[in-house]
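If you want the building blocks of each chain, they are given just below.
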Amino acid sequence: MAEKNKIKRYCHWCLMVFLTLVLVLGALPPGARAADYLTATVEVEGSQVSASGATTPETDVTLLVLRTGDENKSYTDQTRSDKTGAFSFSFPMGEGNYQATFTSNGLTVQRTFTVKNSAAGTVTVRVEGASATLLDQVEVDILSGETTILEAIITALTQSRLEYEMANGLIHKIHGEEGWQWIVNGVGRMSLPGDVLKNGDGIVVVDDALWDPTLTRLELSADQVDVGKSFTATLTQGAGATPAAGQTVIFNNEEKVTDQNGQVSFTGSKAGNYYVTAETTGGLIRPVPAAITVGKPSGGPVTDNRISVQMRIEGYKGTLFDGTVVFDPNDYKKGSAYFIKDPDGTEHECSKPNVLLATIVAWNKGKIKDNSVTHDDNYVARMGGEEEFDFEKEHITCGWMVRVNDYMINKGVGAWPIEDGDEVVWYYGDLESYYGYIDVSPTSLDPGESITVKVTGKGNNVGTTGKSVKIADATVYVGKNEYPTDKNGEVTIPMPNSGTYKVYAEKVDKNSKNGKYYFPLLSRTEKVEVNVEGSGSGSSGTTLPAASVVEAAGQRVMAAGEITLSADQITVDQDKTSALVKAQDLSRALSSIEAEIAALKAGGTLSAEEIAALKKQVTLTVPENGTGTVEVVLEANATSLLKQANSLKIISEVANLEISAASLGIALGKEITFTARKVAYDTLEGKAQSQVPAGSVIVDLTLRAGSSTVKNFAEPVRVEIPYEGSVQNSDRITVFLLKEDGTVEPIGGIYDAASGRVRFLTDHFSKYFAKESVKQFTDLAKYPWAKDAVEIMAGKGIVGGKGEGIFDPGAPITRAEFAALITRMLHYRSEAKVPFSDVKAGQWYYADVAAAYAKGLISGKSAQSFDPAGQITRQEMAAIIAKVLQKNGFRGGKDTTLDNFKDQEKISSWARTAVAVTAEQGIVTGLGDGSFAPEQKATRAQAAVMLYRLYKLILKGDSGAV
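Position numbers for residues count from 1 along each chain, tracking the sequence in the order it is written. Reporting of local features is limited, given that this is a predicted model, to residues whose pLDDT is at least 70; pairs of side-chain atoms are given and counted only at 80 or more, and all residues count toward the totals for whole chains, interfaces and linings. Only hydrogens and water are set aside; all other atoms, that is, all heavy atoms of the structure, feed into the side-chain values.

- Per an unreviewed UniProt entry, the protein chain goes by SLH domain-containing protein and derives from Formimonas warabiya.

1. What about the sheet that holds strand β23 (residues 272-279)?
Right, so step 1: Taken together, five strands build an open sheet; the order of strands is β17-β24-β23-β20-β21 and the sheet is mixed. Each end of this open sheet is capped by a strand with a single partner; those strands are β17 (224-225) and β21 (254-257). Strand pairing is assigned whenever DSSP detects at least two bridges linking the two strands. Helix and strand assignments follow DSSP, with helices taken as H or I runs no shorter than four residues and strands as E runs no shorter than two, numbered in order from the N terminus.

2. Describing the packing of aromatic side chains
Given two aromatic rings, their pairing is described by the distance between the two centres and the angle made by the two planes.
Right, so step 1: Planes of paired rings set the category: under 30 degrees apart is stacked, over 60 is edge-to-face and the rest tilted, where pairs are Phe, Tyr or Trp rings (Trp by its six-membered ring) whose centres lie within 6.5 Å. With the rule as written, the count across this model stands at 29 aromatic pairs.
Right, so step 2: Between the aromatic rings of Tyr427 and Tyr435, the centroid separation amounts to 4.8 Å while the plane-to-plane angle is 35 degrees, which identifies the pairing as tilted.
Right, so step 3: Ring geometry for Tyr435 and Tyr437: centres 4.8 Å apart, planes at 80 degrees, overall edge-to-face.
Right, so step 4: The buried label goes to any residue with under 20% of its type's maximum accessible area, the exposed label to any with over 50%, and the partly exposed label to all in between, with areas taken from a 1.4 Å probe on protein chains only. Judged by relative accessible area, Tyr437 falls into the partly exposed class, the value being 21%.
Right, so step 5: Through successive ring pairs, a cluster of aromatic residues spans Tyr316, Phe391, Trp400, Tyr428, Tyr517 and Phe519.
Right, so step 6: Distance and angle both matter: a charge sits over a ring if NZ of Lys or CZ of Arg is within 6 Å of the ring centre and within 35 degrees of the ring normal. Looking at Arg815, its charged tip hangs above the ring of Phe866, at a distance of 4.4 Å from the centre.

3. Details of the nonpolar core
Right, so step 1: Counting residues in hydrophobic clusters, the biggest one holds 68 residues, and the most contacted among them are Phe818, Ile822, Met825 and Leu950.
Right, so step 2: Taken together, the elements giving at least two residues each to this core come down to α11 (784-795), α12 (815-825), α13 (846-854), α14 (874-887), α15 (912-920) and α16 (940-956).
Right, so step 3: Tallying contributions element by element places α16 first for this core, with eleven residues.
Right, so step 4: Not counting residues within four places of it along the chain, the set of residues in contact with Ile822 comprises Leu857, Ile880, Val884, Leu947 and Leu950.
Right, so step 5: Listed in part, the 62 residues of the second largest apolar core include Val622, Leu703, Phe713 and Phe765. Put simply, a nonpolar core is a bunch of buried Ala, Val, Leu, Ile, Met, Phe, Trp, Tyr and Cys residues held in one set by side-chain atoms that sit within 4.5 Å of each other. Any pair of residues with heavy atoms lying within 4.5 Å of one another is described as a contacting pair.

4. A closer look at the domain arrangement of the protein chain
Right, so step 1: All domain edges in this entry derive from an automatic or database-based domain assignment. For the protein chain, the domain assignment lists domain 1 (38-115), domain 2 (121-212), domain 3 (216-295), domain 4 (307-532), domain 5 (548-772) and domain 6 (784-955).
Right, so step 2: The interface is formed by 14 residues belonging to domain 4 together with 15 residues belonging to domain 5.
Right, so step 3: The term buried area means the drop in 1.4 Å probe accessible area that two parts suffer when joined, counted for both and summed. Summing both partners gives a buried area of about 1,000 Å² for domain 4 against domain 5, and 41% of it is carried by carbon and sulfur.
Right, so step 4: When a carboxyl oxygen of Asp or Glu lies within 4 Å of a side-chain nitrogen of Lys or Arg, that pair is called a salt bridge. Joining domain 4 to domain 5, the criterion identifies zero salt bridges.
Right, so step 5: For this analysis, a polar contact is any N or O atom pair within 3.5 Å, provided that within protein one partner can donate a hydrogen and the other can accept it, and provided that sequence-adjacent residues contribute only side-chain to side-chain pairs. The tally of links from domain 4 across to domain 5 stands at one residue pair in polar contact (both at pLDDT 80 or more).
Right, so step 6: A breakdown of the residues in the side of domain 4 that touches domain 5 according to their chemical character gives four nonpolar, five polar and five charged. Polar here means any residue outside two lists: the nonpolar Ala, Val, Leu, Ile, Met, Phe, Trp, Tyr, Cys and Pro, and the charged Asp, Glu, Lys and Arg; Gly therefore counts as polar.

5. Re the sheet that holds strand β33 (residues 399-404)
Right, so step 1: The strand order β26-β25-β35-β33-β34 describes an open sheet built from five strands, whose pairing is mixed. Each edge of the sheet is formed by a strand with only one pairing partner; in this case those strands are β26 (319-327) and β34 (407-408).
Right, so step 2: Here two bridges tie β33 to β34, and the two strands are oriented antiparallel to one another. Among the inter-strand pairings, Arg403 is bridged to a residue of β34, identified as Met408.
Right, so step 3: Orientation is described by lines fitted to C-alpha atoms, with helices fitted over the stretch in contact, and by angles between N-to-C directions that extend from 0 to 180 degrees. Running at roughly 110 degrees to β26, helix α4 (residues 355-366) makes contact with β25 (307-314), β26, β33 and β35 (423-429) of the sheet.

6. Side note on the pattern of salt bridges
Right, so step 1: This structure, assessed with the given rule, holds 34 salt bridges.
Right, so step 2: With its nearest N and O atoms 3.1 Å apart, the salt bridge here joins Glu279 to Arg286.
Right, so step 3: Overall, the relative accessible area of 33% leaves Glu279 in the partly exposed class.
Right, so step 4: Of the residues examined, Arg286 reaches a relative accessible area of 7% and is grouped as buried.
Right, so step 5: With a shortest N-O distance of 3.3 Å, Lys802 and Asp808 are connected by a salt bridge.

7. Let's talk about the side chain of Ser433
Right, so step 1: Structurally, Ser433 can be placed in the loop between β35 and β36 (434-441).
Right, so step 2: Its relative accessible area of 2% is what places Ser433 among the buried residues.
Right, so step 3: Of note is the side chain of Ser433, whose polar atom sits 3.1 Å from the side chain of Asn460.
Right, so step 4: Residue contacts for Ser433: discarding those within four places in its chain leaves Lys458, Gly459, Asn460, Phe519, Pro520 and Leu521.

8. Focus: the packing of α12 against α14
Right, so step 1: Contact geometry for α12 and α14: axes closest at 12 Å, N-to-C directions at 20 degrees. Considering the angle they form, α12 stands roughly parallel to α14. Seen along the crossing, α12 lies across α14 with a hand that is right-handed. Only Glu876, Met877, Ile880, Ile881 and Val884 of α14 make contact with α12, whose side of the interface consists of Arg815, Phe818 and Ile822.
Right, so step 2: Within the contact of α12 with α14, the residues separate by chemical class into six nonpolar, no polar and two charged. Working definition: roughly parallel below 35 degrees, roughly antiparallel above 145 degrees, roughly perpendicular at 65 to 115 degrees, and oblique for all remaining angles. A clockwise turn of the near helix away from the far one marks a right-handed crossing, whereas an anticlockwise turn of less than a right angle marks a left-handed crossing.

9. Considering the UniProt feature "domain: SLH" (unreviewed entry) in the protein chain
Right, so step 1: Mapped onto this structure's residue numbering, the UniProt feature "domain: SLH" (unreviewed entry) falls at residues 773-836, 837-895 and 898-961.
Right, so step 2: Note that residues 773-836 is 36% helix and 0% strand, and that its end C-alpha atoms are spaced 38 Å apart.
Right, so step 3: Segment residues 837-895 splits into 39% helix and 0% strand. End C-alpha atoms: 36 Å apart. UniProt positions are given in the numbering used here, feature names are shortened, and annotations may be inferred rather than shown by experiment.

10. A look at the pairing of strand β45 (residues 528-532)
Right, so step 1: The side-chain alternation of β45 yields one buried face, formed by Val528, Val530 and Val532, and one unburied face, formed by Glu529 and Asn531.
Right, so step 2: Relative to β45, strand β37 (residues 444-445) is paired through two bridges, and the arrangement is parallel. The residue bridging Ser444 from the neighbouring strand is Asn531, located in β45.
Right, so step 3: Pairing between strand β43 (residues 499-514) and β45: five bridges, direction antiparallel. When the bridges of β45 are listed, Gly499 appears paired with Val532.

11. Here's the deal with the environment of Ile340
Right, so step 1: Note on placement: Ile340 falls in strand β28 (residues 337-341).
Right, so step 2: On the accessibility criterion, Ile340 (2% relative accessible area) is buried.
Right, so step 3: For Ile340 and Asp741, which are 401 residues apart along the polypeptide, the C-alpha to C-alpha distance reads 38 Å.
Right, so step 4: Apart from the residues within four sequence positions on either side, Ile340 is in contact with Tyr332, Thr346, Glu347, His348, Leu357, Ile360, Val361 and Asn364.

12. Considering empty space enclosed by the protein
Right, so step 1: Residues are called lining when one of their atoms sits within 4 Å of a cavity or pocket point, these points coming from a 1 Å grid over the protein atoms alone, where a cavity is a set in which a 1.4 Å probe fits but cannot get out and a pocket is an open set with protein on both sides within 12 Å along at least five of seven lines. Grid points are joined across faces, edges and corners, and a volume is the space filled by probe spheres set on the points. Evaluated as defined, the whole model comprises three cavities of 30 Å³ or more.
Right, so step 2: By volume, the largest cavity is sized at about 70 Å³.
Right, so step 3: For the lining of the largest cavity, the secondary-structure elements that each account for two or more residues are β50 (629-634), β51 (647-651), β52 (656-659) and β53 (672-679).
Right, so step 4: Broken down by element, the lining of the largest cavity gets its largest block of residues, three residues, from β53.
Right, so step 5: The residue inventory of the lining of the largest cavity, partitioned by class, reads eleven nonpolar, one polar and no charged.

Here is the structure:
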C-alpha cells in the first residue's frame, strides 16, 4: 500500500509540474513560446516514409535523412509549417537504417527509423454476395510478406467505393449483407485475417453461411466468334475441375442450364463485346465472368441496342467536341454496372447508361484529355484542362454546366439517364451567365445578299429550360470577322462573296480573364452553316475583310490536296498497316490544287501576293486498323513530284508527319518508305525503363530512301505522337529523344489536348516519347512574369541555366546566344559559310550563326562583322522573331499597332513592321510603363518569354513552314 501511495504522489507531482509549465508557457508572448518549439515523428509503411511534427506557425522546416553506417545523404527537403505550426514530409526509401534530422528556428530534432526490404506485389480480390456479385475481381497492390488478408480486402472495398462495416475487428457487413468469410487461393476456413499475403494470391469473399464453399471456373471454347456462330461454355468446380452440372450460365440475357459435362452452347447473334456469367447453387461460388467478342455480322437481321447522342462541348478556350456519338452500353457492362476508361486512363463506374457514360464516349472519340470527375462519378469538374473556379475571383460559381434536350438537369450526370436521340450540350459558365442560342436567316443565298442573325440566351436555372432573353453586344463570327449585336440581339451582315461560312456567337466578360481567355457571359452557340452560291460579286459592292477570304481560300486548297487511295493500295498484315502512294495519286492531288488556285485567281478576290502565299500541301490519311505499325511507301516517280508541293502530310494512328521536299533533299527521285512503330515498354532495357514512365507511348520513326536510311533532314520535319499520360500542366508536356544507350534528351514539343498528341520539330528520326518536364530555378522570385516560361522552356531543353538552380534572368543576352537559342529551338542546321570575319569555325556558336544566316533570320552589323558578343536589343530580337513568323505564314504589321507603345517614335524605321507584327501576335507586349524600349538591351528572361510565345504560336498553327 505504501508503494502504491508513493506512485500516486509521484504522478500527482508530475501532473502539477506539467500544469505549471502550461501556465508559464501560456503567459509568454507567442514569439517566446515558439522560440524553442519543435516536435517530429516518423512512420514507415513498406518503403514509404511519412514524417510530421509541429513548430512555429509559417516557419521553414528542413529535413536531412542520412543512412546509418555510410552516412550517405539519402534524402533532403524543405517545407513550411501551416498557420497552426504543423508540417509534414512524405517520401520513399530503400532498405536500411536511417537518421532523420529536422531543423527549424535554430533547433534540431533527430529521429531514427528502419525500412525493411518489402517486395511490392499484387493480389486479386472478389466479393460474391448472396444474390449478386458485389465486387468484380480487382487487383490490389500489396507489400509481399507484410500486407494482411484483412488489409487487402479493406483496400479493395475502399478503392471500389463499396460500403462496409466492421465489428470486433472483422468485416461484418458489405453493401448491407451481413456475415462474411474468405477463400485464399481456393482454400476456405484455413486463413486468419492477420495472415500475410504474397504476390499473386487470390482472395474471394463469400457468405459465411456456406460451410464448405467451392470455387468454380468458367471457360469458353473461343474468345471470339463470328456473328451467327456458336461457342461452348464449360463450368467446373474445385481444384480437380469437376464438371458443375445443373448450374445456370448466362450470355446476353439468355440463360441455359449446364449438362452432366458442365457445358452449354450459345450463338452470337449480335456483334459486340460480352461477358458470360453463371448463377450457382449448392455451395458453389460464382465464377469470374469470361469475356467473348462476337465479330461483325455476316448477314441477317441483328437487334440494335446502340444509342445515338448529339454531343457538343463548348469551353471558354474553344469548342472541344461537336458531333454525334454512337455506342452500345452493353460494350461497357460488367455485372450490374458499366465501366469505361477516359483518355487519361481513369476508369469510371456508371450504374446505368447515363450522361457521364455518353460524355466519356465523346472524350474518347475526340481524344479530349485532362479531365476530372468527382463526387462518386457524378460531377464533372474539369474538361480539356478547363476547370471549375478558373474565374473564381469575378464568377464564384463558375464551372461546367450541362443541358439534356435543352433542360438543365437537376441531378448529377451519373444519375441522369441517357437515351437514344438525346442532345447533350456542355458549356462553361456560372449561375448568372446564359446558355447561347443563334438564329440565322437565310442559310442559303446569293452573293450580295445579307443574313440576319438573332442571338438569345437562357438563364442557368437548374430544373428548367430557362427564360429566353435577347443578348445585346454579343459577338457574331463569320469566319474570323466579328459583328456586334444591337440592343435587340440582332445584326444584319452582308455576304458579298460565294462560299460556305460557319456562323456562331458568344459574349465574354473582358474584366474576367484566365491567361489569355475571357469568361463566357453567353456560351458559344452552335455553328450554323451558311451557303453563298454564285459568281462572287454582289450588288452591294461590299466585300468581307481580306482575312476571311484568305482563310477560306486556304481551306479550299488544303482540301483539294487530299489523296484518296484504292482498296488494293492499303494492306493489313498482322500488326502492320501499309499504304502505297503512286505517282498518279500525287499527280491528281497536285492537279486539284492547281485547279483550285486557278479558280481563286479567276475570282479576283485575292491579290497576287495572297495567291502566292497559299500553302500547297498534299495530305494522305492512313485508315485506322488498330495496328502498332504504319508504313507508307511513295514510289520513286511519285517522290519527284513533291517538288511541286510545299509539303506532304501523313496522318496515321501511330504518328503524323509533315515533311517538305526541301527536307528530303537528295532522297527525291527515290522510293521513300516512312515507318512509324509503337515500341512496347517491356522491350526496353533497364536503363531506358528507368527514364521512360511506364505506360508511355514510345514511337520509333524511320525514313528510307531506296535501301538507305535517311539520318538527317535538310529542313526540320513536323511530327505528332500520341500522349496518354496524366496531364497536370499541359504546357510542360515535352517530347524526349530515347537514345540507343538508354539515355533521354528533351527536344521540345507542344501538347494539343483536342487530339491528345504532342507536336514537335526534329531534324532526324529516332525513338520518341512524351512526359511532363520542368526545370526549376531559385533566382526567379523577382521575375514572376517570366517564371513559367523560363522553367517550361528549360524543361523542354530549349533554354539552359548558368549553374545548378541559377538562370540569371536579368543578365543581358548576346547576339550569338540569341541566334543559338532560336536555331536550336527550330532545329535549323546548315553547312553554309558566313561572311563575317568575327565568326570563325570552331567557335561554339559558329554553326548556329551560320544556320540563322542561311535561313535569312540575321544579318551583320556590317558586311564583314556580326558582333557575336554584342548585347542584342529588344527591337533586334523582334526583327528576328518577325522573320520566323513570316516564314510560317503570319502576315500583318500595321503601323497603327505601334500606337500601343508610348515611345513608338523611338522604334527604328527598319524595325517598325517587325515590332508591329510581333505585337499583333502577342509575342511582345511592352514594359510595365507602356513603353517598348526598342534600344534597351534584352535580358535572358525577356528572350525566354518571347521565344516561348513564338514556339507555341508556330507549333500550334498548321502552316507547316518552319
